[in-house]
Amino acid sequence: MCKRSHKPRRRYRFFKRLFEITTSLIAILVLSPLLLITLLINTIVLKGFPIYKDPRVGKEGKDIHVYKFRSMYIDAESNIRRYLNRRQMKQWKEERKVDNDPRITHFGKFLRKSSLDELPQLFNILFGSMAIVGPRPITRMELNEHFTPEEQTLLLSARPGLISNWGVNGRNNITFESGKRQKLELDYFTKRGLRYDLKLMFKVIPAVLSGKGAK
């Protein structure tokens, strides 16, 4: 039974949201040249729209769209059999991911490895569908398959975050199948607070630079 508290203090919620609005706005302004250059290169590489709206589950179970720079070819989902062989299709159906996925462009691999593909989520943070720090956004299928009803209630009590326990501790090297990802995501709720959020923010820098778990 999940006994973790999911009612953070009002003062924490207020200062966290104020910090998020201020920080995301400043980051968007400072990084605007990088955002525009990446947007332009990705448009040329893909010969199409460079932003992907990834459907995820937000706070209180609401459907949200997480913005990312598109790292796969435009028809990666609509024409999946063009790219994946039988073995890869089997892996995709079972795990929703593929080792050395051929649908990812060369520039897309760089975006994922450097985590630049997630920069558009600054707009999610600014407009309030995501937080800077929180559990990572997941699909409804992942929510239903890997979390108990009580754990789901806890997980959905917070806005999903750009930075998370899972994100700074190995990302794709830590899976739902092992049970470790669920533990990391839920452990956030036993420790969350302004001090812990700042700790995770500082830990994300070496995690991104190392590229550990990025695929």
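Placed above this text is the structure.
Because the structure is a prediction, the values reported are computed rather than measured.

*Asks:* What is the right way to read the pairing of strand 2 (residues 63–69) from this model?
*Replies:* Remark: a regular strand shows side chains that alternate across the two faces of the sheet. Both strand 1 (residues 51–57) and strand 2 contribute to a ladder of 7 bridges, which runs antiparallel. Paired with isoleucine 51 across the bridge in strand 2 is phenylalanine 69. The antiparallel hairpin formed by strand 1 and strand 2 contains 5 residues in its connecting segment, where glutamate 60 sits at a positive phi of about 60°.

*Asks:* Is there a simple way to think about the nonpolar core in this case?
*Replies:* Within soluble globular proteins, side chains that are nonpolar generally end up buried alongside one another. One finds Val133, Leu143, Phe147, Leu155, Ile163, Tyr188 and Leu200 to be the most contacted residues of the largest nonpolar core, which totals 24 residues. Counting residues per element, the ones that place at least two in this core are strand 2, strand 3 (131–133), helix 7 (149–155), helix 9 (180–191) and helix 10 (194–210). When near neighbours in sequence (up to four residues on either side) are disregarded, phenylalanine 147 contacts Ile138, Glu142, Gln152, Leu155, Phe176, Gln182 and Leu186. Ranked by size, the runner-up nonpolar core spans 11 residues in total, among them Ala27, Phe107, Leu111 and Leu126.

*Asks:* Mind showing me how you'd approach a positive patch on the surface here?
*Replies:* A cluster of basic side chains, namely Arg10, Arg13, Lys59 and Lys62, defines a positive patch on the protein surface. Structurally, lysine 59 can be placed in the loop between strand 1 and strand 2.

*Asks:* Before we go on, may I ask you to explain the pattern of salt bridges in this structure?
*Replies:* Should their charged atoms come close, side chains of opposite charge can pair. Here the structure, examined in full by the defined rule, presents 11 salt bridges. One salt bridge connects aspartate 75 with arginine 82, and the closest N-O pair in it is separated by 2.8 Å. The exposure class assigned to aspartate 75 is buried, which follows from its relative accessible area of 18%. On the basis of relative accessibility, which here comes to 56%, the residue arginine 82 falls in the exposed class. The network of salt bridges with shared partners includes Arg17, Glu20 and Arg159.

*Asks:* Would you take a moment to explain unusual backbone geometry for this structure?
*Replies:* Excluding glycine, a negative phi dihedral is what most residues carry, and trans is how most peptide bonds are arranged. In this model, lysine 47 sits at a positive phi of 55°, which is unusual for a non-glycine residue. The topology assignment puts lysine 47 in the loop between helix 2 (32–46) and strand 1. Its relative accessible area of 75% is what places lysine 47 among the exposed residues.

*Asks:* Where do I start with the packing of helix 1 (residues 10–30) against helix 2 in this structure?
*Replies:* Axis angle and axis distance: for two packed helices, these are the angle between their axes and the distance between the axes, and together they describe the pair. Running from amino to carboxyl end, helix 1 crosses helix 2 at an angle of 60°, the nearest separation of the two axes being 4 Å. Considered as vectors, helix 1 and helix 2 are oriented oblique to each other. Touching Ile28, Leu29 and Val30 of helix 1 are Ser32, Pro33 and Leu35, all from helix 2. Along the lines of polarity and charge, the residues of the contact of helix 1 with helix 2 split into 5 nonpolar, 1 polar and no charged.

*Asks:* Is there a simple way to think about the packing of aromatic side chains in this case?
*Replies:* Describing an aromatic ring pair means giving the distance of the ring centres and the angle of the ring planes. Applying the stated criterion to the full structure yields 6 aromatic pairs. The interplanar angle of 80° and the centroid separation of 5.2 Å between the aromatic rings of phenylalanine 14 and phenylalanine 15 together place this pair among those described as edge-to-face. When the ring of phenylalanine 147 is compared with that of phenylalanine 176, the centres are 5.9 Å apart and the planes differ by 85°; the resulting orientation is edge-to-face. Taken as a pair, phenylalanine 147 in the loop between helix 6 (140–146) and helix 7 and phenylalanine 176 in the loop between helix 8 (165–168) and helix 9 lie far apart in primary sequence, 29 residues in all. Owing to a relative accessible area of 5%, phenylalanine 147 belongs among the buried residues under this scheme. Using a relative accessible area of 8% as the deciding quantity, one classes phenylalanine 176 as buried. Ring pairing ties together the aromatic residues Tyr188, Phe189 and Tyr196, which thus form one cluster.

Thresholds, definitions, all that
Residues numbered from 1 in each chain as written. Predicted model: local features only at pLDDT ≥ 70, side-chain atom pairs only at ≥ 80, totals over all residues. Heavy atoms only, no water. Pairing = 2+ DSSP bridges. Helix = DSSP H or I, 4+ residues; strand = E, 2+ residues; numbered from the N terminus. Core = buried A, V, L, I, M, F, W, Y, C linked by side-chain atoms within 4.5 Å. Buried < 20%, exposed > 50% of the residue type's maximum accessible area, 1.4 Å probe, protein only. Contact = heavy atoms within 4.5 Å. Patch = residues over 30% accessible without salt bridge, like charges linked within 9 Å, V, L, I, M, F, W, Y side chains within 5 Å. Areas by Shrake-Rupley, 256 points an atom, 1.4 Å probe, with all protein chains shown as cover. Salt bridge = Lys/Arg side-chain N within 4 Å of Asp/Glu carboxyl O. Lys, Arg positive; Asp, Glu negative; His and termini not counted. Charge placed at Lys NZ, Arg CZ, Asp CG, Glu CD. Axes fitted to C-alpha atoms, helices over the stretch in contact; angles between N-to-C directions. Parallel < 35°, antiparallel > 145°, perpendicular 65-115°, else oblique. Nonpolar A, V, L, I, M, F, W, Y, C, P; charged D, E, K, R; others polar. Phe/Tyr/Trp six-rings, centres within 6.5 Å; stacked < 30°, edge-to-face > 60°.

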